[in-house]
Amino acid sequence: MPIYRIAIGTPGEASHPSALKAALAEFISMLIFVFAGQGSGMAFSKLTNDGSSTPSGLIAAALAHGLALFVAVSVGANISGGHVNPAVTFGAFLGGNITLLRGILYWIAQLLGSVVACFLLKFATGGMETSAFGLSSGVSVSNAIVFEIVMTFGLVYTVYATAIDPKKGNIGTIAPIAIGFIVGANILVGGAFDGASMNPAVSFGPAVLSWTWTHQWVYWVGPLIGAAIAALIYDNIFIDENFHEQLPITDY
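Residues numbered from 1 in each chain as written. Predicted model: local features only at pLDDT ≥ 70, side-chain atom pairs only at ≥ 80, totals over all residues. Heavy atoms only, no water.

Asks: Help me understand the overall build of the chain in this model?
Replies: Along the backbone of the chain there are eight helices and zero strands. Here the C-alpha radius of gyration of the chain, 18 Å, is about what a compact globule of 252 residues would show, namely 18 Å. The principal-axis extents of the C-alpha atoms in the chain amount to approximately 55 × 35 × 35 Å. The 252 residues of the chain split such that 48% are buried. Taking the intrachain contacts of the chain between residues at least 6 apart in sequence as the baseline, contacts between residues at least 24 apart amount to 80%. When the accessible area of the chain is evaluated, it comes to approximately 11,500 Å², of which 71% is carbon and sulfur surface. Of the charged side chains in the chain, 7 are positive and 12 negative; the average position of the first set lies 7 Å away from that of the second. (Helix = DSSP H or I, 4+ residues; strand = E, 2+ residues; numbered from the N terminus. Rg over C-alpha atoms; globule rule 2.2 N^0.38 Å. Buried < 20%, exposed > 50% of the residue type's maximum accessible area, 1.4 Å probe, protein only. Contact = heavy atoms within 4.5 Å. Areas by Shrake-Rupley, 256 points an atom, 1.4 Å probe, with all protein chains shown as cover. Lys, Arg positive; Asp, Glu negative; His and termini not counted. Charge placed at Lys NZ, Arg CZ, Asp CG, Glu CD.)

So this is what it looks like as structure tokens:
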């Protein structure tokens, strides 16, 4: 990857109106996504007396997360790009599609959105626990990291192909659907093993509210590695040098 594509950004970017609006959009999108996704698991547990770990609970989680992410990406796409995931932001940064400073703003907004969503869920449900992500019985740390790497690779590769690639054409209109579908499908695969996070912010919010940090690092290391691999492969192999979109540095 040509190193000149990676940009730090200018000092004034952190306070630029467009950057702040984009960060706010990421906060709202993440709040919508986590509230619906985490809330669906809590609702299913209440209705089935903690049956969220059953096959039907897994299907419900996949459906809720897929639909919620479709909406969250759609409503943020025209403002922030609809990342709704620190791993997606990291992948976009490595491909030179977002500056480091704006990426940091996105990360802060995404993490805050997840925490606020979990707080609202706990308050609205009368104190129900927002369960932290964890490894299932018999699943090792290395197993979980591989799961997170592969699943996040699929997610970020999909983001690149349908949303970032300047040659995407009309396929860009289905980007939110494709992104929601791959997340839902991955939850059906990895949900029973490690919860299928694919998103450091999604695992961060419940960990803060429940103050459970066991294996939290797995849900950062795995997704960030998977995102980096997807970004490096897609950007270097499939995005033509002559078609690469430059960062809008003049805006800052």
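That shown, we press on.
Asks: Can you walk me through the confidence of the model for the chain in this structure?
Replies: Atom-level detail of predicted coordinates should not be read off regions where pLDDT is low. Model confidence for the chain is summarised by a mean pLDDT of 91, while 92% of its residues fall at 70 or above. For the stretch residues 246-252, pLDDT sits under 50, and the model shows twelve contacts to residues farther than four places along the chain or on other chains. (pLDDT = per-residue confidence, 0-100.)

Asks: Looking at this structure, how should I read the packing of aromatic side chains?
Replies: Here the distance between the centres and the angle between the planes together describe a pair of aromatic rings. Taken as a whole, this structure holds ten aromatic pairs when the rule is applied. Consider the rings of Tyr-157 and Tyr-234, whose centres lie 5.2 Å apart with planes at 75 degrees: the pair is edge-to-face. Taken together, the residues span a long stretch of sequence, with Tyr-157 in helix α5 (residues 141-164) and Tyr-234 in helix α8 (residues 218-238) at a distance of 77 residues. Note on Tyr-157: relative accessible area 27%, which makes it partly exposed. On the basis of relative accessibility, which here comes to 8%, the residue Tyr-234 falls in the buried class. Members of the aromatic cluster, connected to one another through ring pairs, are Phe-153, Tyr-157, Tyr-160, Tyr-234 and Phe-238. (Phe/Tyr/Trp six-rings, centres within 6.5 Å; stacked < 30°, edge-to-face > 60°.)

Asks: How should I be thinking about a nonpolar patch on the surface in this particular structure?
Replies: On the surface, a cluster of nonpolar side chains totalling about 840 Å² of accessible area is made up of Leu-24, Ile-28, Ile-32, Phe-70, Val-71, Val-75, Ile-171, Ile-174, Ile-177 and Phe-181. Within the residue set of the nonpolar patch, elements represented by two or more residues are α1 (17-48), α2 (55-77) and α6 (175-194). Residue placement: Ile-171 occurs in the loop between α5 and α6. Take Ile-171: its relative accessible area is 38%, and that puts it in the partly exposed class. (Patch = residues over 30% accessible without salt bridge, like charges linked within 9 Å, V, L, I, M, F, W, Y side chains within 5 Å. Salt bridge = Lys/Arg side-chain N within 4 Å of Asp/Glu carboxyl O.)

Asks: Looking at this structure, I do not really get α2. What am I missing?
Replies: What sets the pattern is the α-helix's 3.6 residues per turn: residues three or four places apart point alike. In a regular helix each residue adds 1.5 Å, so 23 residues correspond to 33 Å; α2 covers 33 Å between its end C-alpha atoms and thus fits that length. If you check which residues of α2 are buried, you get Gly-57, Leu-58, Ala-61, Ala-62, Ala-64, His-65, Gly-66, Ala-68, Leu-69, Ala-72, Val-73 and Gly-76. (Expected span 1.5 Å × (residues − 1).)

Asks: Would you mind showing me how to read the environment of Gly-57 here?
Replies: As for its position among the elements, Gly-57 is in helix α2. Residue class for Gly-57 comes out buried when judged on its relative accessible area of 6%. With 81 residues separating them along the chain, Gly-57 and Gly-138 place their C-alpha atoms 20 Å apart.

Asks: I would appreciate a short explanation of unusual backbone geometry in the present structure.
Replies: Among all residues save glycine, negative phi is the norm, and among peptide bonds the norm is trans. The backbone of Ala-196 shows a phi angle near 55 degrees, a positive value even though the residue is not glycine. Along the chain, the position of Ala-196 falls in the loop between α6 and α7 (200-210). Residue His-215 is not a glycine yet carries a positive backbone phi of 60 degrees. Following the sequence through the fold, His-215 ends up in the loop between α7 and α8.

Asks: I'm lost on the packing of helix α3 (residues 86-94) against helix α4 (residues 100-124) in this one. Help?
Replies: Working note: a packed helix pair is described by the angle between its axes plus the distance between those axes. One can describe the packing of α3 onto α4 by two numbers: an axis separation of 9 Å at closest approach and a directional angle of 175 degrees. As judged from the angle between their axes, α3 and α4 are roughly antiparallel. Together, Pro-86, Thr-89, Phe-90 and Phe-93 of α3 and Leu-100, Gly-103, Tyr-106, Trp-107 and Gln-110 of α4 make up the contact between the two elements. (Axes fitted to C-alpha atoms, helices over the stretch in contact; angles between N-to-C directions. Parallel < 35°, antiparallel > 145°, perpendicular 65-115°, else oblique.)

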